[in-house]
Amino acid sequence: MATFSLLAGLALGPIVGLLATLAMDRVMPRLPEGTTAPRVAAGVLTDTPVDRAPERLATWVHYVAGGGSGVLFVGLVSAVQLGLGVGGAVAVAVASPVMLALMVGFFALVPLPRARGLPRQRLATIRRDWALSAATYVVAAGVLVAVAAGV
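The numbers attached to residues start from 1 for each chain and follow its sequence in the written order. Residue-level local features of this predicted model are given only where pLDDT is at least 70; pairs of side-chain atoms are given and counted only at 80 or more, and the full residue set underlies all totals for whole chains, interfaces and linings. To get the side-chain values, all heavy atoms of the structure are used, and hydrogens and water are removed first.

> What is the right way to look at the nonpolar core in this model?
Across soluble globular proteins, nonpolar side chains have a tendency to be buried as a group. Each nonpolar core is a collection of buried residues, namely Ala, Val, Leu, Ile, Met, Phe, Trp, Tyr and Cys, held together in the definition by side-chain atoms within 4.5 Å. The rule is simple: take the accessible area with a 1.4 Å probe, protein chains only, and divide by the maximum for that residue type; under 20% is buried, over 50% is exposed, in between is partly exposed. Core analysis: the largest hydrophobic core is formed by 30 residues, its most contacted members being Phe-73, Met-103 and Tyr-137. Numbering of helices and strands runs from the N terminus; a helix is a DSSP stretch of H or I covering at least four residues, while a strand is a stretch of E covering at least two. For this core, the secondary structure elements donating two or more residues are α1 (6-27), α2 (36-46), α3 (55-84), α4 (88-109) and α6 (120-149). Ranked by residue count, the leading element in this core is α6, at eight residues. For this analysis, residues touch if any pair of their heavy atoms sits within 4.5 Å. Ignoring anything within four residues of it in the chain, the contact list for Phe-73 reads Val-92, Ala-95, Ser-96, Met-99, Ala-141, Gly-142 and Val-145.

Here it is as structure tokens:
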């Protein structure tokens with residue numbers, strides 16, 4: 001597996017991120033609170049209750065964050081390759097749980113506690129559904145990076 005240069009990583013990352021977000025989009029609507037996460041972000045950004053958050057903004061935030069997360073994931077894979085001296089599937093396997101922890105941790109600690117209008121009883125389900133959606137994203141991103149690098 002080739003290590004990505006900075007320029008290649010910046011070019012590949014958003015593509016990986018957007019495609020992984022599309023994979024996530026297949027899972028989110030099937031979960032009880034799966035589509036709530038983008039509305040949480042939009043609600044926090046506009047200081048409105050989640051159920052009244054602008055749908056268009058929620059969509060934009062979802063895809064922009066997905067593309068940016070792709071850059072982060074490709075960067076993590078490259079850092080693992082360089083830092084640990086491993087390549088191929090090992091670098092993806094090491095970077096993937098780190099990425100999942102970052103995605104779930106960030107959502108659970110930053111936007112979700114700031115969201116307005118969510119009953120406490122929904123929070124655990126929202127976190128669980130976000131974790132499942134994020135896991136889908138990470139699996140898809142891992143496969144895409146491995147394919148792009150020729151593993």
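Moving on, there is more to tell.
> Is there a simple way to explain the packing of α3 against α4 in this structure?
For helices, the fitted line uses only the C-alpha atoms of the stretch in contact; every axis is such a line through C-alpha atoms, and the angle between N-to-C directions lies from 0 to 180 degrees. Packing of α3 against α4 brings their axes to within 8 Å, and their N-to-C directions diverge by 130°. Considered as vectors, α3 and α4 are oriented oblique to each other. Classified by chirality, the crossing of α4 by α3 is right-handed. Residues Ser-69, Leu-72, Phe-73, Leu-76, Val-77, Val-80, Gln-81 and Leu-84 of α3 pack against Gly-88, Ala-91, Val-92, Val-94, Ala-95, Ser-96, Val-98, Met-99 and Leu-102 of α4. The nonpolar class holds Ala, Val, Leu, Ile, Met, Phe, Trp, Tyr, Cys and Pro. Asp, Glu, Lys and Arg form the charged class, and all remaining residues, Gly among them, are polar. Its residues assigned to classes, the contact of α3 with α4 shows 13 nonpolar, four polar and no charged. Convention used here: angles under 35 degrees read as roughly parallel, angles over 145 as roughly antiparallel, angles from 65 to 115 as roughly perpendicular, and any remaining angle as oblique. Here is the rule for handedness: rotate from the far helix to the near one, and if that takes an anticlockwise turn smaller than a right angle the crossing is left-handed, while a clockwise turn gives right-handed.

> Would you take a moment to explain the pattern of salt bridges for this structure?
A side chain of one charge can pair with a side chain of the opposite charge when the charged atoms of the two come close. Salt bridge, as applied in this entry: a Lys or Arg side-chain nitrogen positioned within 4 Å of an Asp or Glu carboxyl oxygen. This model, assessed by the stated rule, comprises four salt bridges. Asp-51 is the partner of Arg-122 in a salt bridge, and the nearest nitrogen-oxygen pair spans 3.8 Å. Highlighted residues: Arg-122 in helix α6 and Asp-51 in the loop between α2 and α3, separated in sequence by 71 residues. Taking the shortest distance from any N to any O, the salt bridge between Arg-128 and Asp-129 comes out at 2.6 Å. Shared partners join several salt bridges into a network, and the residues in it are Glu-33, Asp-51 and Arg-122.

> Would you take a moment to explain the packing of α3 against α6 for this structure?
Each pair of packed helices can be described by the angle between their axes along with the distance between the axes. At a minimum axis distance of 11 Å, the contact between α3 and α6 shows a crossing angle of 55°. Compared by their axis directions, α3 and α6 come out oblique. Between α3 and α6 the crossing geometry is right-handed. Contacts from Gly-66, Ser-69, Gly-70, Phe-73, Val-74 and Val-77 in α3 reach Tyr-137, Ala-141, Gly-142 and Val-145 in α6. For the contact of α3 with α6, the per-class residue count stands at six nonpolar, four polar and no charged.

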